[in-house]
Structures are given as C-alpha cells and as structure tokens.
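# Residue-level structure breakdown
Given next are the chains, with one letter for each unit.
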Amino acid sequence: MPEPRKRGRKPKTPKTNTMDNYPHTNNNSATQNDVVVSDSTTEPRKRGRKSKTPKTNTMDSSHTNNNSATQNDIVVQVPTTDIQDPSPAHRTRGRARKIVKLADNNNNDISHLASPERSRHGDATDITILPPRWDSVAAKAVPAMDAVVKVFCVHTEPNFSLAWQRKRQYSSSSSGFIVGGRRVLTNAHSVEHHTQVKLKKRGSEIKYLATVLSIGTECDIALLTVNDDEFWEGVLPVEFGGLPALQDAVTVVGYPIGGDTISVTSGVVSRMEVLSYVHGSTELLGLQIDAAINSGNSGGPALNDKGKCVGIAFQSLKHEDTENIGYVIPTPVIMHFIQDYEKNGVYTGFPILGVEWQKMENPDLRMSVGMKADQKGVRIRRIEPTAPESHVLKPSDIILSFDGVNIANDGTVPFRHGERIGFSYLVSQKYTGDNAVVKVLRNPEILEFNIKLATHKRLIPAHINSRPPSYYIIAGFVFTAVTVPYLRSEYGKDYDFDAPVKLLDKHLHAMAQSVDEQVVVVSQVLVADINIGYEDIVNTQVLAFNSNPVRNLKNLAEMVESCEDEFLKFDLEYQQVVVLQTKTAKAATFDILTTHCIPSAMSGDLKT
C-alpha cells in the first residue's frame with residue numbers, strides 16, 4: 001500500500017547543464033538515438049503540482065528557437081487522432097485527453113498524451129509532435145489578389161507660377177488592378193502629369209511599361225493598358241459586384257507605403273452617400289469604410305466576401321478626431337467611367353443639372369410659392385448661363401421630380417430600404433448628351449421639360465487635364481488664366497484661406513457667362529526699365545484692354561498683338577490702370593525674354 005501523500009511541495013529534481021558543440025536549442029526534442037514512448041496505463045492524475053523533470057540546456061554560439069528534434073529522433077506529424085473517452089474512474093477536470101497512435105522504427109504500437117505544440121508531462125518518455133512546415137501548407141488561391149498590380153509613375157508637373165517651365169520630376173507608387181479587355185484601373189491622381197508609367201504584377205520582379213488610355217478627373221479614375229503580351233499571361237481580371245449594404249465586410253488590397261509586398265486591410269461599409277471628391281472637386285456617390293487606407297493604397301480594389309470588386313480606394317479622412325475613415329469609389333461610378341470611354345472613345349465626364357437650389361422645409365416658404373400639402377421639391381436659386389437648361393428653367397421654379405423620381409423638400413430621393421440620397425445622384429447616373437424629364441412648379445402651374453444634360457463649365461477650372469498652363473508676356477507683364485492648380489501653386493494647399501478674397505469669391509460663387517470665359521490676371525511683373533512703378537502688381541485681374549472687355553487669355557493676346565494704337569492700356573480691378581507705349585513695350589519684350597531665359601512670349605495654345 002503506497003505511503004499517504006504529505007502536504008507541501010515535492011522535492012525538486014536536480015537540473016543538469018551540459019555544454020558541447022551542438023547548436024543551442026530551446027525545444028521539446030529528445031536526444032540522439034532516443035525512442036520516446038509513453039505508457040498509456042499511467043496512474044490516475046493526483047492533485048497538486050507535478051514533479052519537475054530534469055532540464056537539459058545546451059549552449060553554443062548559434063542560438064535557435066524551434067521545436068525540431070535531434071538526430072535519429074522519431075518526429076511524427078499526425079494527420080488524424082482518435083479521441084478515447086476516459087472511464088469515469090479516471091475522468092478528470094478539463095478537456096478529454098487525445099490518444100495518439102504512433103509506431104516506432106520496429107513497427108511497435110506506442111501511445112502518447114500530448115498536444116502538437118509541446119509535451120504535456122515533459123518527462124523522458126514523451127514524443128515531440130511538430131507543427132507542419134510552412135512550405136508543406138498549400139497556398140490559398142485568391143485570384144482577385146493576383147490581379148492587383150503596383151503602379152510606378154514618374155510625374156513632371158507644370159510650374160504654374162512660371163508657366164514656361166516644369167517642376168523637378170518625382171516618382172510615386174500606388175495600386176491598380178486588372179479588369180477585362182486587357183486594361184488596368186487606378187486613380188487619376190496616381191498618374192496625373194505622368195511622363196512614364198510602369199506596372200508590376202504580384203510576385204513578379206519585372207516592371208512593364210504602361211500606356212494611359214483615359215483619365216477621369218471628376219471621378220478620380222484612370223484607365224491603363226500594357227502592350228507586352230507577357231504581362232497578361234496567367235492573370236484573371238477582377239469581377240465587379242453590386243453596391244454593398246451597410247455593415248458588409250470589405251477588404252482593401254494594395255501596396256501602401258512601408259513595404260513592397262501586397263497588403264490587406266479589412267473593414268465594413270459604414271456609410272453610403274454623395275461625397276465630395278477631393279481630386280475632382282465634384283460630388284459623386286461614395287462609400288465610407290473603416291478599413292485603413294494609407295498612401296499607396298490609392299487605386300487598389302475593395303473586395304467583398306466573394307472576392308468581387310465593389311470599389312476603388314481613393315482617399316481617406318485625416319483629422320485629429322477621426323481614425324480609420326477611408327473612402328471608396330463604388331461600382332456605379334466605375335462602370336459609368338468605363339462605359340463612357342467605350343461609348344465615346346474618350347472620357348466625356350459626368351453631367352450636372354446646372355442649377356443652385358434651396359431647401360423647401362419651411363412651411364411658410366412652401367405656402368408662399370403655392371405648394372400644396374402633398375407637393376415637395378426644391379427651389380431654384382440660380383441657373384448657370386452656360387447650361388442647356390438655362391433656356392427653359394427660371395429662378396424660383398420648384399423642381400418636383402427628376403426623370404419621374406419625386407424630390408423631397410430637403411433635396412433627397414429614395415435610395416434603398418431605409419436610405420435616402422441627394423438627387424444629384426440621379427443626374428450623375430446619366431451621360432453627357434442624355435435627356436432627362438424635369439417637372440417644375442411655376443406660378444403655380446406644373447410644367448414638364450425635356451432637358452439635354454451637359455458637363456459643368458467652371459469659371460475657374462479645377463483641372464487643366466494634363467495640358468501645360470497658358471501664359472502671355474508683354475513688356476515684362478506675365479498674364480495667365482486662373483485655375484485651381486494655379487491658386488494652389490501660388491498660395492499653397494490652404495489657398496482657399498490665403499488667396500485674395502476677390503479670386504476666392506469668383507472661384508466659389510461666380511458663374512461663367514460664356515463657354516470660353518476665363519479669369520485673366522497679371523501673375524507678376526518681370527522688372528525692367530519699361531515697367532518702372534508697376535513692380536508690385538501681383539495676381540490682379542485684368543478687366544479690359546483699351547476699353548474692350550477681356551473675355552479670355554487668347555482674346556487678350558490677340559488684341560495686344562494687333563493693337564496699332566499709341567498706347568497699351570490695361571484696366572485692372574481695384575481701379576488700377578497700366579499704360580505702356582505700344583512700340584517701346586513690344587521692342588522691350590524680346591530683351592526681357594532673353595534675360596529670363598523664356599523661350600517664347602506666349603504658350604503654344606495661344607499661337608494656333
């Protein structure tokens with residue numbers, strides 16, 4: 001009969017330290033030529049701490065931390081296990097023990113109680129079972145990820161402040177993905193002002209030269225292709241899915257900064273509404289997700305749980321009060337861009353209605369215009385003179401519906417179950433030149449108009465579509481047309497705070513009265529004897545030349561070049577006047593151009 005168990009700790013067994021020439025390992029492996037077995041008929045487990053088994057430490061210069069066994073050990077990877085239910089007399093707390101059936105070199109059946117990670121008891125009769133090697137695990141096939149490419153672009157931006165020059169070139173990297181028709185989608189800002197674009201597939205070291213087919217500035221999408229047939233071998237194009245629902249899982253795939261391999265971030269769709277596209281300065285449908293979108297992710301696909309593309313990552317919200325807010329261009333906008341290119345051969349843009357409107361939520365306001373209780377809509381404040389609908393619509397008209405869809409007093413329309421969206425979404429689904437039926441309330445008659453839709457003509461354009469900026473120089477006066485890139489070049493990224501108030505007012509509120517109207521300014525004065533006293537004129541608008549209104553920069557250049565009057569007189573804003581003698585001014589221009597290494601007195605687009 002065994003001696004009764006005494007209280008207290010069991011005596012510690014001595015530790016053995018050995019030093020030899022073997023590499024130092026921190027593992028559960030057996031020693032050389034050992035066959036390790038465990039007796040399946042062990043005594044029932046007693047309460048209290050287990051006795052510690054001797055630990056063997058080996059030390060040398062190369063330290064490894066692994067679970068590998070030493071030479072001639074029995075190392076077994078077990079694909080299946082038989083779970084044997086212990087008898088009630090031996091049942092203990094915790095999980096049921098797994099009985100693993102093994103065999104040694106002599107085909108003798110041996111059993112062992114162990115986990116795949118480490119021995120349970122750690123005594124001399126244990127067998128170490130190793131986890132599978134990394135190269136023995138089959139790679140998970142994800143075709144959509146194999147279609148994601150890395151985009152390398154060399155940019156050479158124009159110098160808008162010195163329009164006859166270009167800035168120093170720089171390189172950038174972003175993401176893209178292969179779609180049908182041997183084409184690649186990415187963001188427009190990823191290849192803007194490109195001089196060279198190269199693509200690299202996942203797992204490849206080769207960079208293939210790419211050609212830019214089309215750039216959509218409003219929707220921030222660009223379409224590329226590669227002429228080399230090798231690039232298209234073994235890659236399946238990404239398939240597009242529909243609009244995801246709120247809380248649907250999305251995975252953003254791309255090549256963000258911080259590494260050269262593909263990166264995957266996951267999140268859910270948290271919002272869907274008409275968003276302001278920063279690059280295009282437009283408002284189109286967009287998805288808000290909580291997956292991290294970093295620099296370099298731009299142009300990468302957002303995939304749903306079925307591996308289909310539901311959008312393109314294109315911008316993120318960086319603010320001290322926000323975290324992980326990213327935005328995705330949804331499939332309706334992507335398909336609009338692709339179909340527009342396929343239909344017209346070029347990108348024609350997204351049409352607009354061309355009106356500024358006011359909400360009709362106030363009951364007194366609705367009553368004053370004769371709206372009935374069941375009528376809803378928005379009031380037209382202003383109509384752009386260049387828009388086709390300016391011939392039929394009038395200020396103070398109430399827009400009741402667009403293409404048969406009723407508009408609410410807050411300017412929204414039904415979207416999906418439990419969701420509403422701005423009615424500008426309906427307009428953006430159309431193509432340039434399409435017709436739409438608009439129902440309006442006027443005094444208080446209901447009228448219907450069939451309107452042809454067109455793109456937006458901005459007085460101060462948001463982009464110049466990769467063209468070089470225009471300029472004209474006479475007697476050291478540098479004239480140019482104002483654009484958003486010009487304002488950003490002159491006043492930095494916070495131009496909407498630092499630019500002159502009058503230029504900002506025209507940028508935000510003014511409407512072009514004709515299709516070719518531009519805001520022409522004196523950008524700077526290149527100092528010379530001919531222009532003494534005018535050196536401080538900077539970014540001041542030119543209103544008229546010799547009492548003739550200035551319509552655009554080309555119009556100004558033509559009037560100055562053909563002028564035969566004795567004096568050149570420029571009427572500027574703030575009641576400023578610049579007067580130069582005609583013959584002296586034209587003669588001094590050549591010397592000024594030579595001094596400042598300017599190749600021509602006007603840009604190429606003004607010569608035609």
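Rules used throughout
- Residues numbered from 1 in each chain as written.
- Predicted model: local features only at pLDDT ≥ 70, side-chain atom pairs only at ≥ 80, totals over all residues.
- Heavy atoms only, no water.
- 1 Å grid on protein atoms, 1.4 Å probe; cavity = no way out; pocket = protein on both sides within 12 Å on 5 of 7 lines; lining within 4 Å.
- Points joined across faces, edges and corners; volume = space filled by probe spheres on them.
- Helix = DSSP H or I, 4+ residues; strand = E, 2+ residues; numbered from the N terminus.
- Nonpolar A, V, L, I, M, F, W, Y, C, P; charged D, E, K, R; others polar.
- Salt bridge = Lys/Arg side-chain N within 4 Å of Asp/Glu carboxyl O.
- Buried < 20%, exposed > 50% of the residue type's maximum accessible area, 1.4 Å probe, protein only.
- Patch = residues over 30% accessible without salt bridge, like charges linked within 9 Å, V, L, I, M, F, W, Y side chains within 5 Å.
- Areas by Shrake-Rupley, 256 points an atom, 1.4 Å probe, with all protein chains shown as cover.
- Pairing = 2+ DSSP bridges.
- Polar contact = N/O pair within 3.5 Å; in protein donor to acceptor, adjacent residues only side chain to side chain.
- Contact = heavy atoms within 4.5 Å.

As recorded in an unreviewed UniProt entry, the protein goes by the name Protease Do-like PDZ domain-containing protein, listed as coming from Acer negundo.

### Some remarks on empty space enclosed by the protein
Taken as a whole and judged by the stated rule, the model has two cavities of 30 Å³ or more. As a volume, the second largest cavity reaches approximately 40 Å³. Leu284, Leu285, Pro332, Val333, His336, Phe350, Tyr425, Ser428 and Gln429 are the residues that line the second largest cavity. The set of elements that each furnish at least two residues to the lining of the second largest cavity consists of strand 17 (282–289), helix 2 (331–344) and helix 4 (424–428). Top contributing element to the lining of the second largest cavity by residue count: helix 2, with three residues. Looking at the lining of the second largest cavity residue by residue, the classes come out as six nonpolar, three polar and no charged.

### Some words on the pattern of salt bridges
Under the definition given, this model contains 11 salt bridges. The partner of Arg183 in a salt bridge is Glu342, and the shortest N-O contact between them spans 2.9 Å. Within this pair, whereas Arg183 is found in strand 10 (residues 183–186), its partner Glu342 is found in helix 2, the two being separated by 159 residues in sequence.

### Here's the deal with unusual backbone geometry
Not every positive phi belongs to a glycine, and Ser396 is a case in point at roughly 80°. With a relative accessible area of 37%, Ser396 lands in the partly exposed category. Notably, Asn539 is not glycine yet its phi reads approximately 50°, a positive angle. Tracing the backbone through its elements, the reader meets Asn539 in the loop between strand 31 (520–525) and strand 32 (540–545). Judged by relative accessible area, Asn539 falls into the buried class, the value being 4%.

### A look at a nonpolar patch on the surface
Taken together, the side chains of Phe567, Val577 and Val579 make up a nonpolar region of the molecular surface, amounting to roughly 230 Å² of accessible area. Summarising the element assignment, Val579 is placed in strand 35 (residues 577–581).

### As for the pairing of strand 30 (residues 477–481)
The buried fraction of strand 30 amounts to five of the five residues, a majority that puts the element mostly inside the structure. The alternating pattern of strand 30 places Phe477, Phe479 and Ala481 on one face and Val478 and Thr480 on the opposite face, and all of these are buried. Inspection of the sheet shows strand 29 (residues 471–474) paired to strand 30 by four bridges, in the antiparallel sense. Pairing of Tyr471 across the sheet is with Thr480, part of strand 30. Between strand 29 and strand 30, which pair antiparallel in sequence order, lie two residues; one of them, Ala475, sits at a positive phi of approximately 55°.

### Considering the side chain of Thr412
Mapped onto the elements of the fold, Thr412 is located in strand 25 (residues 412–416). Thr412 gets classed as buried once you look at its relative accessible area, which sits at 14%. Separated by 2.8 Å, the side chains of Thr412 and Asp410 make a polar contact. A polar side-chain atom of Thr412 sits 2.9 Å from a polar atom in the side chain of Arg420. Not counting residues up to four positions away in its chain, the partners in contact with Thr412 are Asn406, Ile407, Arg420, Ile421, Gly422 and Phe423.

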